[in-house]
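# Structural features, examined
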Amino acid sequence: MTKHPQVLFKNRLPGETVFIDGFRKTGGYRGLEKALKTMTPAEVRETVKDAGLRGRGGAGFSTGLKWSFFPADQPGPKYLVVNGDEMEPGTYKDRVLLESDPHQVIEGVIIAAYALRVSEAYIFIRFAYERCARNLERAVAEAEAAGFLAGAGGLKIHVHRSAGRYILGEETAQLNGIEGVRPTPRSKPPFPAVKGLFGKPTTVNNVETLACVPHILTGGADWFKGLAQNAGGAGTKLFGLSGHLKTTECFELPVGITLGEVIEIGGGMRGGRPFKACLPGGASTPFLTAAHLDVEMDFDPLSAAGSRFGTAGVTVFEAGTCMVGATLNLLRFFARESCGWCTPCRDGLAMVRWILEEIEEGRGSAELIAMLRDQKRNISGRSFCALAEGAMGPVTGLLEHFEDELEDHVRQGRCPFVKN
Ligand code: NAD
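Residues numbered from 1 in each chain as written. Predicted model: local features only at pLDDT ≥ 70, side-chain atom pairs only at ≥ 80, totals over all residues. Heavy atoms only, no water.

Model confidence for the protein chain is summarised by a mean pLDDT of 97, while 99% of its residues fall at 70 or above. Predicted complex, confidence summary: ipTM 0.96, pTM 0.97. (pLDDT = per-residue confidence, 0-100.)

Moving on: the pairing of strand S5 (residues 236-243). Burial runs high along S5: seven of the eight residues are buried. Pairing analysis gives five bridges linking S5 to strand S6 (residues 250-254), with the strands arranged antiparallel. Note that in S6 the partner of Gly240 across the bridge is Cys250. The antiparallel pairing of S5 with S6 creates a hairpin that spans six residues between the two strands. Where S5 and strand S9 (residues 313-318) come together, four bridges link them in parallel fashion. Within S9, the residue paired with Ser242 across the bridge is Thr315. (Buried < 20%, exposed > 50% of the residue type's maximum accessible area, 1.4 Å probe, protein only. Helix = DSSP H or I, 4+ residues; strand = E, 2+ residues; numbered from the N terminus. Pairing = 2+ DSSP bridges.)

Turning our eyes to something else, we now look at the packing of aromatic side chains. The tally for this structure, following the rule as stated, stands at 13 aromatic pairs. Between the aromatic rings of Tyr166 and Phe333, the centroid separation amounts to 5.0 Å while the plane-to-plane angle is 75°, which identifies the pairing as edge-to-face. Taken as a pair, Tyr166 in the loop between strand S3 (156-161) and helix H9 (171-179) and Phe333 in helix H14 (residues 323-337) lie far apart in primary sequence, 167 residues in all. Through pairs of rings, three or more aromatic residues link up here, namely Phe23, Tyr29 and Phe148. Here Arg12 stacks its cationic end above the ring of Phe9, 4.7 Å away from the centre of that ring. A cation over an aromatic ring shows up here: Arg138 above the ring of Phe19, its NZ or CZ 3.7 Å from the ring centre. (Phe/Tyr/Trp six-rings, centres within 6.5 Å; stacked < 30°, edge-to-face > 60°. Lys NZ or Arg CZ within 6 Å of the ring centre and 35° of its normal.)

A few words on the sheet that holds strand S1 (residues 79-84). What the four strands build is an open sheet, ordered S3-S2-S1-S4; its pairing is parallel. Edge positions in the sheet fall to S3 and strand S4 (202-206), since each of these pairs with one other strand and no more. Recorded for the sheet is a direction-independent mean angle of 20° between the axes of neighbouring strands. Taken together, the six bridges between S1 and strand S2 (residues 120-125) define a ladder with parallel strand orientation. In the strand pairing of S2, Asn83 is matched with Phe124. Where helix H6 (residues 102-116) meets the sheet, it contacts S1, S2, S3 and S4, and its direction lies at approximately 150° from that of S1. Together, S1, S2, S3 and S4 form the strand contacts of H9, whose direction differs from that of S1 by roughly 110°. (Axes fitted to C-alpha atoms, helices over the stretch in contact; angles between N-to-C directions. Contact = heavy atoms within 4.5 Å.)

The next subject is the site of the ligand. Around the ligand, 19 residues are found, and the nearest of them are Gly57, Lys66, Tyr166, Glu171 and Arg308. Glu88 places a polar main-chain atom, nitrogen or oxygen, 3.1 Å from an oxygen atom of the ligand. Within the complex, 73% of the 860 Å² of free accessible area of the ligand lies under protein. Along the lines of polarity and charge, the residues of the shell around the ligand split into eight nonpolar, five polar and six charged. Viewed by domain, the shell around the ligand spans two of them, domain 1 (20-226) and domain 2 (232-318), each represented by three or more residues. (Near = heavy atom within 4 Å. Polar contact = N/O pair within 3.5 Å; in protein donor to acceptor, adjacent residues only side chain to side chain. Areas by Shrake-Rupley, 256 points an atom, 1.4 Å probe, with all protein chains shown as cover. Nonpolar A, V, L, I, M, F, W, Y, C, P; charged D, E, K, R; others polar. Domains from an automatic or database assignment.)

In terms of nonpolar packing, the biggest core is built from 64 residues, with Tyr29, Val44, Trp67, Ile106, Val109, Ile110 and Ile157 touching the most fellow members. The greatest single-element share of this core, amounting to 10 residues, is contributed by H6. Domain assignment of the residues forming this core places at least three in each of domain 1 (20-226) and domain 2 (232-318). In this view, Tyr29 contacts Ile20, Phe23, Arg24, His103, Ile106, Glu107, Ile110, Ala143 and Phe148; residues no more than four positions away in its chain are not counted. One finds Leu349, Ile359, Ile369 and Leu406 within the second-largest nonpolar core, a separate group that totals 41 residues. (Core = buried A, V, L, I, M, F, W, Y, C linked by side-chain atoms within 4.5 Å.)

Written as structure tokens, this is what we have:
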């Protein structure tokens, strides 16, 4: 297996956490030093933009562009929020990062705060990620004791534990959660850059996104772009593998690696059964099939293939898996986690779950398949936030690539994959 460059995982040792001494021994806080001593905030923002860094939380929005919208020079309170509410099924890369090397994220937070001229940051962490929260609290205390927060103008960093629902990962619901009000999403625009936390300009960035920033400053924008394996890509990416692979671990791999190579790095298919399908970027991304093994794992190529790069949480399914059942399993999660704020999500996802249950349990009909198509048309693009849109990702893939399985369930009046 080719040895791929390890940037975010260079200090990673299974089961161990690197704190400040180990982190500084391998070049930690040099990116911050470079920013504070040799660069203006505008130059930091420009370098991140030139590096082509795209948000690692799922949407892939250009980080430099997001920072360029931010009114950094406006006087008064402004905030940075770090989204660590990783709760997408099949996504666990931020947890691995925070369990192994939390100072990378803290260094990225301090650099971002300098670039955006904010003096207060909130790290919003998933309820179940207690070890990550404790690592972050220790890393913040160590960075403070070492003078890094004072050096960046007296930055305050709060570690905020989520109350534990999926909707809190949506950036505006998260702002409400920090404010202590009901965490329903807010309408966008205005984007948080204009009106965010406590009504003030706010940038929300993902954990892994910020961890890339110190490396971009030390290595330079061209070096970061060159880490990608494809033209137009930038950086490395943490891929969380799960499902029917031999090795279901988190790997740091170049952006632009092909899906087939990712599967090989995961040791190939468990038990030797052929590959059938995968979710390439978390539970809210449409399925890919064996026809897509050469696709480059990056935002634009995956969109062109009808799916999304999302969080690069790759869940693999072997031949013999019932894709109706797999989709139903995901829809049970999404329907339960709908915050209930808008009708397409609250009622639509419950309806989609019910249709899939009917078909999977042998009570399907051609009308129900037609209703599923209808729900897809009526939910996609019509919900208040991205939750329902994302929930319809696997349904879109099911209808696109596995319609024959829906029909087989109806024809046989049972799940054809269950042996009895
Ligand atoms: P989005 O495309 O609406 O926004 C992405 C980011 O860009 C946001 O921070 C937004 O404020 C900013 N932005 C977009 N347009 C802007 C503009 N014109 N001006 C200023 N800022 C702008 O996507 P989203 O709703 O934030 O996120 C959806 C994604 O979240 C999905 O793609 C999914 O993959 C991902 N997701 C991840 C997890 C997880 O556990 N990591 C969970 C659920 C969903």
